[in-house]
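Descriptive analysis of the structure
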Amino acid sequence: SQPPPRLRQRRRPPPPHQVVEAVAVATAAAQAQAQAQAAAAEEDAPEMTMSEKGAFLGSVAFSPVGVPGLVVGGALGFAAGYFAEQVDAARGHVARAYATRVQRERRVESERANTRKALEALETVSVQSDDPEEAARTSADLTAFLCAPCNTRCADCSARIKRPADAWVSTSLGVVVCVNCAAAHRSLGTSVSRIKSPVYDQWDVPMATALLAKGNDRGAADYYATPPARMPGPKAPMEERRAHVREKYVRLRWATPELRAARQETLAKRPRKAAGARRMASLSSDAA
C-alpha cells in the first residue's frame, strides 16, 4: 500500500498594511533612482551657449506665426545671441589684457624701486664700527667732508666731483681726487699714495678720522706752497697726470720747506741695504 499524498499548505497572504508599505518603499526607490539619473544627465549635458539660447527664445517668441515664425525667430535669436557672445568675449579679452598690463606695470615699478634702493645704498658713505652711534656720526662727518666746496674739485686737475660716489681719496696724502688722477696716484705705489673709494671700499673710524683732519685745502697749502707754472686740466692725458703727481708728491717740487725737510729726514732714517743683498737666494746657494 502507498502512503497518502501530502496535502499542500496554502500560504497566507500578507496583511494589507505590509503591502502598502512595500509599495511605498519601492516607489520611493524608483523616484530616487530617476532623480539621480536625471541629475547625472543634466551634469553631463553641455550648457547652452548664448546663441543657442537666443535661437530657442526667438523660436518660442515667434512660434504663434507658424513654421516661418519659428525659422525667422530662431535666426534672429541666434544672431542676437552670437553678437552678445562676441561682445562678452571682447569684454573678457580687454579685462584680461588690462589685468596683465597692470600686473606687469606693478612688477616693473617694484623692480625699479628695488634698483633705486640698491643704487642709493651703493652711493652711501658708510663707516664700520661696533658702536652704531659712532658709525652713523662718523659716516655723516665723512659725507659732509666730501661735500665741502674744496673737496668737490680734484686736488690735482681741478675736475668737478659731483657726488661722493665719484670721489677717490688718498688716505696717506689726505686729498680727494677724480677717477683719472686716482689712476695716476696708483702708479706711485702704495708707499706714497694709497687710494680708496669712500663708497665702494670699507672704512673704519680711525681711517675716517685721520682723513677728516686733512682735505684739499691743507693739501694745496702743503704741496703747492710755490704754485707751479702749469697744472693739468680735467681733460689732460694720463702721461701728463702721472708726471705731475710724481713731481708733486714724490719729488715735492712745489711743497713747503718743512714738508721737504721731513721727507729728507724720513729717508735718512731708512736702513741702507748691503751691496750684495740684492742677489737672489738661488744664486747665493749656488755660490756656496
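You'll find the structure just up there.
Reference entry: report on the structure contained in this document. (Residues numbered from 1 in each chain as written. Predicted model: local features only at pLDDT ≥ 70, side-chain atom pairs only at ≥ 80, totals over all residues. Heavy atoms only, no water.)

With that settled, the discussion passes to the side chain of Asn151. Summarising the element assignment, Asn151 is placed in the loop between α4 (132-147) and β2 (168-170). Under the relative-accessibility criterion, Asn151 is labelled buried at 1%. Of note is the side chain of Asn151, whose polar atom sits 3.0 Å from the backbone nitrogen of Asn216. Residues in contact with Asn151, not counting those within four places in the same chain, are Phe145, Leu146, Ile161, Val176, Gly215 and Asn216. (Helix = DSSP H or I, 4+ residues; strand = E, 2+ residues; numbered from the N terminus. Buried < 20%, exposed > 50% of the residue type's maximum accessible area, 1.4 Å probe, protein only. Polar contact = N/O pair within 3.5 Å; in protein donor to acceptor, adjacent residues only side chain to side chain. Contact = heavy atoms within 4.5 Å.)

Okay, helix α7 (residues 216-223) next. Buried within α7 we find Asn216, Gly219 and Tyr223. Seen end-on, α7 carries its buried residues on one side only, within an arc spanning 55°. In this structure, the buried side of α7 is in contact with β3 (175-177), α8 (238-250) and α9 (257-269). (Arc of directions from axis to C-beta.)

We now examine the nonpolar core. Membership of the largest hydrophobic core comes to 20 residues, with the highest contact counts inside it found for Cys154, Cys157, Val175, Val177, Cys178, Cys181 and Tyr249. If you list the elements that add at least two residues to this core, you get β3, α5 (179-186) and α8. Broken down by element, the residue count for this core peaks at 3 residues, all from α5. Leaving out residues up to four positions away in the same chain, Tyr249 has contacts with Ala155, Asp156, Leu173, Val175, His185, Leu188, Val192, Tyr223 and Arg263. The next biggest cluster of nonpolar side chains, apart from the first, holds 15 residues, and it includes Leu142, Ala165, Val199 and Leu211. (Core = buried A, V, L, I, M, F, W, Y, C linked by side-chain atoms within 4.5 Å.)

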